[in-house]
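Coordinates in review
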Amino acid sequence: MRTALRLAASALRDAMGNPGIRSLELSWLLSTAADAGLFVALLVVAYGRDGVLATGLLGAFRMAPAIVSGAASGAALRRWSGRRVLLTVATVRLAVALLAAVAIAGTAPTLVLLVIAAVGGAAGALVRPIQATLMPALARTPEELVAANVAWGTVEGVATLAGPAIAAGLIATGQTVGVAILASVSFTAGGLAVMRLRFEQASDALPPSSASTGPQLLEGLRTLRLRPVAGWSMLGVFAQTLTRGLLNALVVVAAIELLGLGDPGVGTLSAAMGVGGLLGGLFAMSLVRTTNLLPSASVALAFWGLPIAAIGLSPTVAVALLAMAVIGVANSTFDVAILTIFQRGCSNEERAPVFGVFEAVAGLGVVGGSLLGPLLITVLGNREAMVVSGAILPVVAVAIYGRVGRIPEITTSDERAVELLRRVPAFAALPLTGIERLASAVRSETHAAGQTLMRQGEAGDRFVVIEAGEVDVSVDGRWIHRLGPGAGIGEVALLRQTPRTATVVAVTDVRIVSIGSRDFCSAVSGPTALGLMERVVRERLARTGPGATGPA
């Protein structure tokens, strides 16, 4: 327990120390809490007016547009900045919450509630794939990316606890309209958080241009076919969201008919899932590592479904609350694992199209589950429907693990090159998107002892990083210092656009990675990286000036 809490606290501290990640997390917290609370209010109103069928239709109408808008998220990022899209979404969701308040206060028919849910679902479906695509443009290391996803899961747990819990309290006091009004305030605050979003480089706000000009959805499907880990993981996404859709109807039936908790019970069970999500976020860092993402995702899938079956087998309040909490833990763990799998298992060019497919598949799953739930309840009965629904995910989890669960490495970039480049301080400031672009541009070279790598007075056309071996640096024949693995050489001529200021000779056999002038200058064009590299240049020039001798 202490270890898990310490790891979670460290992950949150690392992620929250990054201003860009902090802004995204705050926006996600506010918008998710608002969305979860508003949906509970709409479910209760729809059930009160037209019964369980209306709740199933509400879930379907809410998620059906996600099939289109989720698939369009990649195309939106190709045309507009992520920040601009997220601000537009926040504005639309504000309008939806205000319209919901009017509909709930009046006697609007269920059809109006369905339309409101559809518009809100269409707007909300853009948020997750865009934020997931942008996160590697903000995180600087794989560890920080995992930490950000853990924090994301923790934040979502807090939001899915707070939103339904607040909604349940307001509904219990007859203030259902107040849920929608409070949601509008929260959506506004989430938009303000997005306005603070900043990137190291302007290009990091957009995914790299793909060589293909076809529809983003087809590009994403093509990537899933070529990358088995991503393809099988997407099957897990569909199965998980299908079960989530089933749960939309099942949780209402369980609360009102099986457990006798009444209308506020829907919010109570949803809040129990939120408590589990919060605990899952705390423990996810100890459960999820970049080396065991696939096993973690498979186990989380199994424990997403089994508790639903447990409620059907033993429909008591205690079992239901515990089961929903376990689902919340599994949900947080699965979210962290699956997001990191797609972020690390896809290249910069593939990431946006794949997350577009992700949201479309999630929409299909929830729509299918929302429509299937009432049918299962009608045909099988309440308890039997819960048992059957809970059996889906364990079967899928076993299948996924059997096909790809033992693959040790899922990343698409050269991790050795990335780790080497990270040893250069200016490159360490780059986000993952930037460092991966740079790693894809490097060229490996070997030089024998005594060979000259750079000669004073020649034109500078590359920057090199020593991977193995040592070199001597001299100016006008005067020895300056010796450099070894992890040292970067050649930045002065490239940044100052002057001839080489020193000669570099291999003392031992050396292995280096070479970066062309254009790729180097592009990588360090951001304010943080450029500032760090300029400081190195000033220090180097000071060392190589008249009278400067001796080791660095």
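Residues numbered from 1 in each chain as written. Predicted model: local features only at pLDDT ≥ 70, side-chain atom pairs only at ≥ 80, totals over all residues. Heavy atoms only, no water.

Time to look at the pattern of salt bridges. Oppositely charged side chains are able to pair whenever their charged atoms sit close together. According to the stated counting rule, one finds 14 salt bridges in the structure shown. In this structure, aspartate 35 engages arginine 62 in a salt bridge whose closest nitrogen and oxygen atoms are separated by 2.2 Å. Separated by 27 residues along the polypeptide, aspartate 35 in helix H2 (residues 19-50) and arginine 62 in helix H3 (residues 52-71) bring together distant segments of the chain. With relative accessibility at 17%, the residue arginine 62 sits in the buried group. Between arginine 416 and glutamate 467 there is a salt bridge, with its nearest N and O atoms 3.2 Å apart. Taken as a pair, arginine 416 in helix H17 (residues 415-422) and glutamate 467 in strand E3 (residues 462-468) lie far apart in primary sequence, 51 residues in all. Residue classification places arginine 416 among the exposed residues on the basis of a relative accessible area of 53%. (Salt bridge = Lys/Arg side-chain N within 4 Å of Asp/Glu carboxyl O. Helix = DSSP H or I, 4+ residues; strand = E, 2+ residues; numbered from the N terminus. Buried < 20%, exposed > 50% of the residue type's maximum accessible area, 1.4 Å probe, protein only.)

Glancing now at the sheet that holds strand E7 (residues 503-506). Hydrogen bonds between backbone atoms are what pair the strands of a sheet, whose relative direction is either parallel or antiparallel. If you walk across this open sheet you meet the 4 strands as E2-E7-E4-E5, and the pairing is antiparallel. Single-partner strands in this sheet number two, and they are strand E2 (452-454) and strand E5 (478-483). When strand polarity is set aside, the average angle formed by the axes of neighbouring strands in this sheet is 30 degrees. (Pairing = 2+ DSSP bridges. Axes fitted to C-alpha atoms, helices over the stretch in contact; angles between N-to-C directions.)

A few words now on helix H10 (residues 216-226). For H10, the set of buried residues is Gln216, Glu219, Gly220, Thr223 and Leu224. Burial along H10 is one-sided: seen end-on, the buried residues are contained in an arc of 140 degrees. In H10, the exposed residues that point more than 90 degrees away from the buried face are Arg225 and Leu226. The secondary structure elements touched by the buried residues of H10 are helix H4 (73-79), helix H11 (228-258) and helix H15 (348-380). (Arc of directions from axis to C-beta. Contact = heavy atoms within 4.5 Å.)

Successive residues of a regular strand alternate their side chains across the two faces of the sheet. The buried fraction of strand E4 (residues 471-475) amounts to 5 of the 5 residues, a majority that puts the element mostly inside the structure. Going residue by residue along E4, you find Val471, Val473 and Val475 tucked away on one face and Asp472 and Ser474 tucked away on the opposite face as well. Pairing between E4 and E5: 5 bridges, direction antiparallel. Across the sheet, valine 471 pairs through a bridge with leucine 483, a residue of E5. Turn length for the E4-E5 hairpin, with the two strands adjacent in sequence and antiparallel, is 2 residues, and the turn residue aspartate 476 shows positive phi of about 55 degrees. Both E4 and E7 contribute to a ladder of 4 bridges, which runs antiparallel. Directly across from aspartate 472, in E7, lies its bridge partner valine 505.

Turning to the side chain of glutamate 350, a few remarks are in order. The residue glutamate 350 is located in helix H15 in this model. Here arginine 227 takes part through its side chain, which lies 2.8 Å from a polar atom of the side chain of glutamate 350. The residues touching glutamate 350, leaving out its near neighbours within four places in the chain, are Thr223 and Arg227. (Polar contact = N/O pair within 3.5 Å; in protein donor to acceptor, adjacent residues only side chain to side chain.)

The next thing to look at is unusual backbone geometry. The backbone of aspartate 476 sits at a positive phi, close to 55 degrees, despite the residue not being glycine. Among the structural elements, aspartate 476 can be located in the loop between E4 and E5. Phi is positive for glutamine 497, which is not a glycine, with a value near 55 degrees. One can find glutamine 497 in the loop between helix H20 (491-496) and E7. According to the relative accessible area criterion, glutamine 497 is exposed, its value standing at 73%.

Geometric descriptors of this kind do not, in isolation, establish any biological role.
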